[in-house]
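# Architecture at a glance
If you want the building blocks of each chain, they are given just below.
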Amino acid sequence: MSDSQTLVLFERDGRGVATVTLNRPQIHNAFNDDIVQRLAAIWSQVAADPAIRVVVLKGAGKSFSAGGDLDWMRRSGRATPEQNRASTLNMARMLKQLRDLPQATLALVHGNCMAGGTGLASAADIVLATQSAQFALTEVRLGLTPATISPYVVAAIGRRQAHRYFLTGERFGAAEACRIGLVHEVAADEAALAARGEEIVKALLLGAPGAIRDSKTLIGRVAQQAVDDELMEFTAQNIADRRASAEGQEGLVAFFEKRRPKWAE
């Protein structure tokens, strides 16, 4: 296993569940260029593999992720403008790759989930967190902005909450993260987080892979868009295609035959 591979671990089981683990526990899984590139390579691999049904994202050690490695970001001040922009664009593209995966994605958050870590979690479809997890968007306190993560965080918490937490940089706990929409559910501790995560994975595996993919496309298309003729045409075509698809027909037949559809066997 190469050095870059050890920074982010990748495993998959016989059900088609891929587990991606940030693995720099000594510095709370802080990002650098190597981690961003490794994640991008993993998302490309996952997107191209129809046998993968669900992606679980978590962190090794005491934290999910402390965000960007501050020493790495400090060194960027000595990089050329072109090198600096290439690095940040890689981060932006990696987050979009995660958001756009055809598979369902689940982030399991414990410990610190700061700045870019919050952005990574926000790009996942579903986020569970331990009660003791801590979140923050601390960039302004370092003279920075949460730029590349902003589309995903704002989509999760909304513009009004983004004004507060982008501007104050204050920490907030899992209960507040749940209240503002960043986290879907809070678990008592790491054992409960793992158990609840497995329950969510099992629920996701009951969905048809193509239907999950098309549902994600549907959400992306209709969110924040006015209901006009173009949108109605898109949504009508979406469900018409699903009804006529092999998965759609299998699901309906299975329902009437009182059995599980093939993808849930």
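In what follows, the structure referred to is the one given above.
The model shown is predicted, which means the values in this text are computed figures rather than measured ones.

## Topic: the overall build of the protein
Looking only at helices and strands, the protein has eleven helices and nine strands in total. Each principal axis of the C-alpha atoms in the protein carries an extent, and together these give about 60 × 45 × 40 Å. Looking at the protein alone, contacts between residues at least 24 apart form 68% of all its contacts between residues at least 6 apart. When the accessible surface of the protein is summed, it comes to about 13,900 Å², and 55% of that surface belongs to carbon and sulfur atoms.

## Notes on the packing of aromatic side chains
This model, assessed by the stated rule, comprises three aromatic pairs. Both rings, one in F135 and one in F172, keep their centres 5.8 Å apart while their planes meet at 15°; by these two values the pair is stacked. Of the two residues, F135 is situated in strand β7 (residues 134-136) and F172 in strand β8 (residues 172-173); the sequence distance between them amounts to 37 residues. Accessibility classification places F135 together with F172 in one group, the buried group. Here the aromatic rings of F255 and F256 are separated by 5.4 Å at their centres, their planes lie at 85°, and the arrangement is edge-to-face. The pair F255 / F256 is uniform in exposure class, with both members exposed. An aromatic cluster of at least three residues, connected via ring pairs, comprises F135, Y165 and F172. Positioned over the ring face of F234 is R221, at 4.4 Å from the centre of the ring.

## With respect to the packing of helix α2 (residues 33-47) against helix α4 (residues 81-99)
Between α2 and α4, the least distance of the axes is 9 Å, while the angle of their chain directions is 35°. Both α2 and α4 take part in a crossing whose hand is left-handed. Contact with α2, carried on its side by D33, V36, Q37, L39, A40, W43 and S44, involves S87, N90, M91, M94, Q97 and L98 of α4 and no other residues of that element. The residue makeup of the contact of α2 with α4, split by class, is seven nonpolar, five polar and one charged.

## Focus on helix α6 (residues 150-168)
The first and last C-alpha atoms of α6 sit only 15 Å apart over 19 residues, clearly below the 27 Å expected at 1.5 Å per residue. At G158, α6 shows its maximal bend, which comes to roughly 110°. Y152, V153, I157, Q161, A162, Y165 and F166 are the residues of α6 that are buried. In the core, the buried residues of α6 are packed alongside α4, α5 (116-122), β8 and α7 (174-179).

## Considerations on the sheet that holds β7
Taking strand neighbours across the sheet as the criterion, the three strands line up as β5-β7-β8 in an open arrangement whose pairing is mixed. Each of the sheet's edge strands pairs with one partner strand only, and the pair in question is β5 (112-114) and β8. Where β5 lies against β7, three bridges are found, and the strand directions are parallel. Bridged to C113 within β7 is F135.

## Looking at the environment of L142
Position of L142 relative to the elements: it lies in the loop between β7 and α6. Residue class for L142 comes out partly exposed when judged on its relative accessible area of 47%. C-alpha separation for the pair L142 and G169, spaced 27 residues apart in sequence, amounts to 9.6 Å.

## Focus on the pairing of strand β6 (residues 126-130)
With five of its five residues buried, β6 lies for the most part within the structure. Burial along β6 is two-sided: the face carrying I126, L128 and T130 and the face carrying V127 and A129 are both buried. Taken together, the four bridges between strand β4 (residues 104-109) and β6 define a ladder with parallel strand orientation. In the sheet register, V109 faces β6, and the bridge partner there is A129.

Procedures and definitions
Residues numbered from 1 in each chain as written. Predicted model: local features only at pLDDT ≥ 70, side-chain atom pairs only at ≥ 80, totals over all residues. Heavy atoms only, no water. Helix = DSSP H or I, 4+ residues; strand = E, 2+ residues; numbered from the N terminus. Contact = heavy atoms within 4.5 Å. Areas by Shrake-Rupley, 256 points an atom, 1.4 Å probe, with all protein chains shown as cover. Phe/Tyr/Trp six-rings, centres within 6.5 Å; stacked < 30°, edge-to-face > 60°. Buried < 20%, exposed > 50% of the residue type's maximum accessible area, 1.4 Å probe, protein only. Lys NZ or Arg CZ within 6 Å of the ring centre and 35° of its normal. Axes fitted to C-alpha atoms, helices over the stretch in contact; angles between N-to-C directions. Left-handed = near helix turned anticlockwise from the far one by under 90°. Nonpolar A, V, L, I, M, F, W, Y, C, P; charged D, E, K, R; others polar. Expected span 1.5 Å × (residues − 1). Bend = angle between axes of the 7 residues up to and from the residue. Pairing = 2+ DSSP bridges.

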